[in-house]
Amino acid sequence: MNDSTTTIIEMSPQLNEIFAALSAAQSSIKAAKKTGKNPHLRNDYAKLEDVWQVVRPALGKHGLSVIHLTTTRDNEAGIIQILGHTSGQYIKSETMLPLSQGRGINPAQACGICFSYARRYAISGALGVCTGEDTDGAVQTRDDGDGGTVPVKSRRKKAPMSKEDKAFADRV
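Quick caveat, the model's predicted, so the values are computed rather than measured.

Participant: Would you take a moment to explain the overall build of the protein chain for this structure?
Facilitator: Looking only at helices and strands, the protein chain features four helices and eight strands. Ordering the α and β elements of the protein chain from the N terminus gives β-α-β-β-α-β-β-β-α-β-β-α. Residue pairs in contact within the protein chain that sit at least 24 positions apart in sequence constitute 53% of those at least 6 positions apart. Of the accessible surface of the protein chain, which amounts to about 11300 Å², a share of 51% is contributed by carbon and sulfur atoms.

Participant: How should the pattern of salt bridges be read in this particular structure?
Facilitator: Where side chains of opposite charge bring their charged atoms close, a pairing between them can arise. Under the criterion given, the structure shown has five salt bridges. Residue K37 is joined to D44 by a salt bridge in which the shortest nitrogen-to-oxygen separation is 3.2 Å. Residues participating in the shared-partner salt-bridge network are R73, E76 and E94.

Participant: How do you make sense of the nonpolar core when you look at a structure like this?
Facilitator: If you look at soluble globular proteins, the nonpolar side chains tend to sit buried side by side. In terms of nonpolar packing, the biggest core is built from 22 residues, with V55, L127 and V129 touching the most fellow members. Going through the elements one at a time, α1 (16–26), α2 (48–61), β4 (64–73) and α3 (107–127) are the ones with two or more residues in this core. The element best represented in this core is α2, accounting for seven residues. Excluding anything up to four places from it in sequence, V129 contacts I29, K30, A32, V51, V54, V55, I123 and S124.

Participant: Would you mind showing me how to read the environment of N16 here?
Facilitator: Tracing the backbone through its elements, the reader meets N16 in helix α1. In this structure the C-alpha to C-alpha distance between N16 and S87, which are 71 residues apart in sequence, comes to 9.9 Å. There is a polar contact of 2.9 Å between the side chain of N16 and the side chain of Q89.

Participant: Looking at this structure, I do not really get the packing of aromatic side chains. What am I missing?
Facilitator: Here the distance between the centres and the angle between the planes together describe a pair of aromatic rings. Going through the model one piece at a time under the given rule, you end up with one aromatic pair. Here R120 stacks its cationic end above the ring of Y117, 5.1 Å away from the centre of that ring.

Participant: Teacher, can you tell me more about unusual backbone geometry here?
Facilitator: What is expected of a backbone is that most residues other than glycine have negative phi and most peptide bonds are trans. The phi angle at D74 is positive, at roughly 45°, despite the residue not being glycine. Relative to the helices and strands, D74 is located in the loop between β4 and β5 (76–85).

Participant: What is the right way to read the sheet that holds strand β1 (residues 5–11) from this model?
Facilitator: Whenever strands of a sheet pair, they do so through backbone hydrogen bonds, lying parallel or antiparallel. Sheet architecture is open: four strands sit in the order β1-β6-β5-β4, paired in antiparallel fashion. The sheet terminates laterally at β1 and β4, the two strands that pair on one side only. Pairwise comparison of adjacent strand axes, ignoring direction, gives a mean angle of 20° for this sheet. In this structure, β4 lies alongside β5, joined through ten bridges in antiparallel fashion. Residue pairing across strands places H68 opposite Q81, the latter belonging to β5. Contacts from α1 reach β4, β5 and β6 (90–98), with the element oriented near 100° to β5.

About the criteria used
Residues numbered from 1 in each chain as written. Predicted model: local features only at pLDDT ≥ 70, side-chain atom pairs only at ≥ 80, totals over all residues. Heavy atoms only, no water. Helix = DSSP H or I, 4+ residues; strand = E, 2+ residues; numbered from the N terminus. Contact = heavy atoms within 4.5 Å. Areas by Shrake-Rupley, 256 points an atom, 1.4 Å probe, with all protein chains shown as cover. Salt bridge = Lys/Arg side-chain N within 4 Å of Asp/Glu carboxyl O. Core = buried A, V, L, I, M, F, W, Y, C linked by side-chain atoms within 4.5 Å. Buried < 20%, exposed > 50% of the residue type's maximum accessible area, 1.4 Å probe, protein only. Polar contact = N/O pair within 3.5 Å; in protein donor to acceptor, adjacent residues only side chain to side chain. Phe/Tyr/Trp six-rings, centres within 6.5 Å; stacked < 30°, edge-to-face > 60°. Lys NZ or Arg CZ within 6 Å of the ring centre and 35° of its normal. Pairing = 2+ DSSP bridges. Axes fitted to C-alpha atoms, helices over the stretch in contact; angles between N-to-C directions.

So, in C-alpha cells, the structure goes:
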C-alpha cells in the first residue's frame, strides 16, 4: 500500500496553541516498538496499537486529542483525522488508500485494512512517530528499555565493491 495520499482539508484560523502543544508532545514521543510481523515481506512493523502506546501519554499531557472517522469513495478507503487541542484549535486531514481486493478478502475486509493503515500512517505522520525500521532502510533496532527503540549497528560485512562501482562512488 504505497499509493496513500494525505491532504489537509481544514484547520482552525489560529494554530499557535496547537503547535505549541504539538512541539511539546513530539519532544516526549519515542519510536514505536515493532511487534507486528509481516509474513509476506518478512519484516517487523509497528502496529497501530504500538503507535498509540507511545503517543497517548504525550497527547493527554499536552491537551491534544485525535479522532479518526472512516470514509470511502470510488476505489479508495481511508480516514479523516481531526487533531484537536483543548483551546479549540484543530487540524483536519484526510488519508486515502486504494482498495485492494486480494484473494480471500471481501470488500469489508479490504476497507478495514485501509482504515487501519490510514490510521497508523496519519497519526504517525502528524505526531512525528518513528517506527524504527523502514523496509527500504534495512536498519535494525532494539528495545531501549524505556518504551522505545534505538538503532543497532549492523554486524553484516559490506559486499566488496567492483572497480567500476568504486570509481563511480569516488566521482560522486
